[in-house]
Amino acid sequence: MPPTGARPGSVLRVVLGVSGGIAAYKACELLRLFTESGHDVTVVPTAAALEFVGAPTWSALSGKPVSTDVWSNVHQVPHVRIGQSADLVVVTPATADVLAKAAHGLADDLLTNTLLTARCPVVFAPAMHTEMWEHPATRANVATLRERGCLVIEPAEGRLTGKDTGKGRLPEPPEIFDTCREVLARGTTTPDLAGRRVVVSAGGTREYLDPVRFLGNRSSGLQGYALARAAAARGAEVTLVAANTSLPDPAGVKVVRVETTGQLRDEVVSAAASADAVVMAAAPADFRPVDPSGTKIKKAADGFAPSIDLTQNPDILHELSTERARPGQVIVGFAAETGDDTGSVLDLARAKLARKGCDLLVVNDVSGGAVFGSPENEAVILAADGAAVEVPRGSKAALAHVVWDEVTRRLASR
Ligand SMILES: Cc1cc2nc3c(=O)[nH]c(=O)nc-3n(C[C@H](O)[C@H](O)[C@H](O)COP(=O)(O)O)c2cc1C
């Protein structure tokens, strides 16, 4: 069923479904994040979830009674009302069992009834052992739920219940919360990037002069992370190539960490081979030392500073744009510009778009360094066909969605 979207301007009603996985305790933090940001949260645990975290915890943290079955407070018809009145249902953690029930329309407890009656966006954050996640039955259930428009967040890789590690770990609650906020802001989980593979680069590269010093830049990675999070919330399979960031991994995103421009180039080019779109939000260093020292460069006794010869780095955006790995691939660049004697920010950006050969160029005026590390951004998105979209000052998440709107339109027309 298509989601109806959230009512703007009112307190948003969130249903937090909790099923019986070891990660149920992490849903307490998610609940707190929702309540502290003013949402009205109804927790609907399964009976198995209560084996892990008891009803008093959910009740005390949400300020509401909780029940697992359809037989309490029957006069209020909770098995229908809770789902019907929700603006968002998020199931965290979602067990293999609850995914199977949801995919097949079973309704043997309050949570599964709620999932059938909800017409709002529905998000599942699965957590389970790798074998359960990779089982063909679970794969098919996840595919069914995604086809119906639910957002099923990819589990993270890492430590599982026992001493084992692998894919199946619940993403961190703040990241699930951010994804839910994206969904609430859009009012839909319509997966317009479902089945698409995208690559996003983020952060700033470092070029080492010696083992302890480097040439770097001020890129924080926030815009690239916002792009990766937004694409995952729209259903894409996302690889984020992150250069020297200290930000938490966005939920459902594969993160590859790099330091230098050479490493960034190799990882992006490799991931781009199977990608429908590549968004280069990272700031790669244009130059690197010709001959980095293997040992720390010492101060000279005569007081003279060493001179460092630089050579130009590979132009990754130009390479991706001119040697498209796949027909119809959409390539997006970012340009952090300050105007100079030779032209305005937009003049320089238009020339850069032509030089690079990409489809879209997101242009930031960085005079005064206002954008770096800020949660906000404003930009003009220039297109190779001459179009220009002005994005007024707003969150980096909002700009990310406008970029994906433009990418999605181009992918659909190719
Ligand atoms: C200690 C323990 C940990 C479990 N962890 C998970 C898990 O992380 N993911 C999962 O899908 N099932 C897990 N299970 C199995 C579920 O609890 C079981 O399938 C249960 O029937 C799920 O019920 P529910 O989906 O109604 O909550 C675990 C079971 C136990 C005993």
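See the structure printed just above.
So, a few notes on the structure that sits alongside this text. (Residues numbered from 1 in each chain as written. Predicted model: local features only at pLDDT ≥ 70, side-chain atom pairs only at ≥ 80, totals over all residues. Heavy atoms only, no water.)

Along its length, the protein carries 14 helices and 19 strands. Computed over its C-alpha atoms, the radius of gyration of the protein comes to 24 Å, within 12% of the 22 Å expected for a compact globule of 414 residues. Viewed in the frame of its principal axes, the protein has a C-alpha envelope of about 85 × 50 × 40 Å. The proportion of buried residues among the 414 residues of the protein is 50%. Nonlocal contacts in the protein, meaning residues at least 24 apart in sequence, comprise 69% of its contacts between residues at least 6 apart. Of the roughly 19,000 Å² of accessible surface on the protein, 53% is carried by carbon and sulfur atoms. A distance of 2 Å separates the average location of the 42 positive side-chain charges in the protein from that of its 47 negative side-chain charges. (Helix = DSSP H or I, 4+ residues; strand = E, 2+ residues; numbered from the N terminus. Rg over C-alpha atoms; globule rule 2.2 N^0.38 Å. Buried < 20%, exposed > 50% of the residue type's maximum accessible area, 1.4 Å probe, protein only. Contact = heavy atoms within 4.5 Å. Areas by Shrake-Rupley, 256 points an atom, 1.4 Å probe, with all protein chains shown as cover. Lys, Arg positive; Asp, Glu negative; His and termini not counted. Charge placed at Lys NZ, Arg CZ, Asp CG, Glu CD.)

It is worth spelling out the nonpolar core at this point. Counting residues in each nonpolar core, the largest one holds 34 residues, and the members touching the most others are Leu-227, Val-238, Trp-404 and Val-407. The set of elements that each furnish at least two residues to this core consists of β8 (197–203), α10 (222–233), β11 (237–243), β13 (277–280), β16 (330–337), β17 (360–365), β18 (376–383) and α14 (396–412). Considering each element in turn, this core owes the most residues, 7 residues, to α10. (Core = buried A, V, L, I, M, F, W, Y, C linked by side-chain atoms within 4.5 Å.)

Moving on: the packing of aromatic side chains. For the coordinates displayed, the defined rule picks out 2 aromatic pairs. Aromatic pair Phe-34 and Phe-177: ring centres 5.1 Å apart, planes at 80°, arrangement edge-to-face. Of this pair, Phe-34 sits in helix α1 (residues 26–36) while Phe-177 sits in helix α9 (residues 173–186), and the two are 143 residues apart along the sequence. Both residues of the pair, Phe-34 and Phe-177, belong to the buried class. For the ring pair Tyr-208 and Phe-214, a centre distance of 5.6 Å and an interplane angle of 70° mean the geometry is edge-to-face. One residue, Arg-139, lies across the ring of Trp-133, its end atom 4.5 Å from the ring centre. (Phe/Tyr/Trp six-rings, centres within 6.5 Å; stacked < 30°, edge-to-face > 60°. Lys NZ or Arg CZ within 6 Å of the ring centre and 35° of its normal.)

Moving on, we come to the pairing of strand β7 (residues 165–169). Of the strand pairs in this sheet, strand β6 (residues 156–159) and β7 are connected by 4 bridges, and their pairing is antiparallel. Bridge assignment links Ala-156 to a residue of β7, and that residue is Arg-169. Two successive antiparallel strands, β6 and β7, enclose a turn made up of 5 residues. (Pairing = 2+ DSSP bridges.)

As a further point, take the packing of α10 against α14. Between two packed helices, the angle of one axis relative to the other and the distance separating the axes together describe the packing. Close contact between α10 and α14 brings their axes to 8 Å; oriented N to C, the two are set at 55°. The orientation of α10 relative to α14 falls into the category oblique. Seen from above, α10 lies across α14 with right-handed handedness. Counting all contacts with α10, which are made through Leu-222, Gln-223, Ala-226, Leu-227, Ala-230 and Ala-231, the residues of α14 involved are Lys-396, Ala-397, Leu-399, Ala-400, His-401, Val-403 and Trp-404. Taken together, the residues that form the contact of α10 with α14 break down as 10 nonpolar, 2 polar and 1 charged. (Axes fitted to C-alpha atoms, helices over the stretch in contact; angles between N-to-C directions. Parallel < 35°, antiparallel > 145°, perpendicular 65-115°, else oblique. Left-handed = near helix turned anticlockwise from the far one by under 90°. Nonpolar A, V, L, I, M, F, W, Y, C, P; charged D, E, K, R; others polar.)

As a further point, take the sheet that holds β18. Read from one edge of the open sheet, 8 strands run β12-β11-β8-β13-β16-β17-β18-β19, paired in mixed fashion. In this open sheet, the two edge strands, each paired with only one partner strand, are β12 (253–258) and β19 (388–395). Here the average twist between neighbouring strands, direction ignored, is 20°. In this structure, β17 lies alongside β18, joined through 4 bridges in antiparallel fashion. Bridged to Val-362 within β18 is Ile-381.

A word on the pattern of salt bridges. Applying the stated criterion to the full structure yields 27 salt bridges. In this structure, Asp-40 and Lys-64 form a salt bridge, with 2.8 Å as the shortest nitrogen-oxygen distance. A residue pair is termed long-range when its members are at least 10 positions apart, and Asp-40 in strand β2 (residues 40–45) and Lys-64 in the loop between α3 (55–62) and α4 (78–84) qualify at 24 residues. Classification of Asp-40 by relative accessible area gives partly exposed; the value is 27%. Taking relative accessible area as the criterion, Lys-64 reaches 23% and is therefore assigned partly exposed. A salt bridge links Asp-210 to Arg-213; the shortest N-O distance between them is 2.5 Å. (Salt bridge = Lys/Arg side-chain N within 4 Å of Asp/Glu carboxyl O.)

Around the ligand, 14 residues are found, and the nearest of them are Gly-20, Thr-46, Thr-95, Ala-96 and Asp-97. Side-chain polar atom of Thr-95 to an oxygen atom of the ligand: 2.7 Å apart, as the coordinates give it. At 2.7 Å, a side-chain N or O of Asp-97 approaches an oxygen atom of the ligand. Here the ligand, which alone exposes 640 Å², has 64% of that area covered by the protein. Where the shell around the ligand is concerned, the elements lending two or more residues are α2 (47–52) and α5 (96–104). When residues of the shell around the ligand are assigned to their parent elements, the largest contribution, 3 residues, is made by α5. (Near = heavy atom within 4 Å. Polar contact = N/O pair within 3.5 Å; in protein donor to acceptor, adjacent residues only side chain to side chain.)

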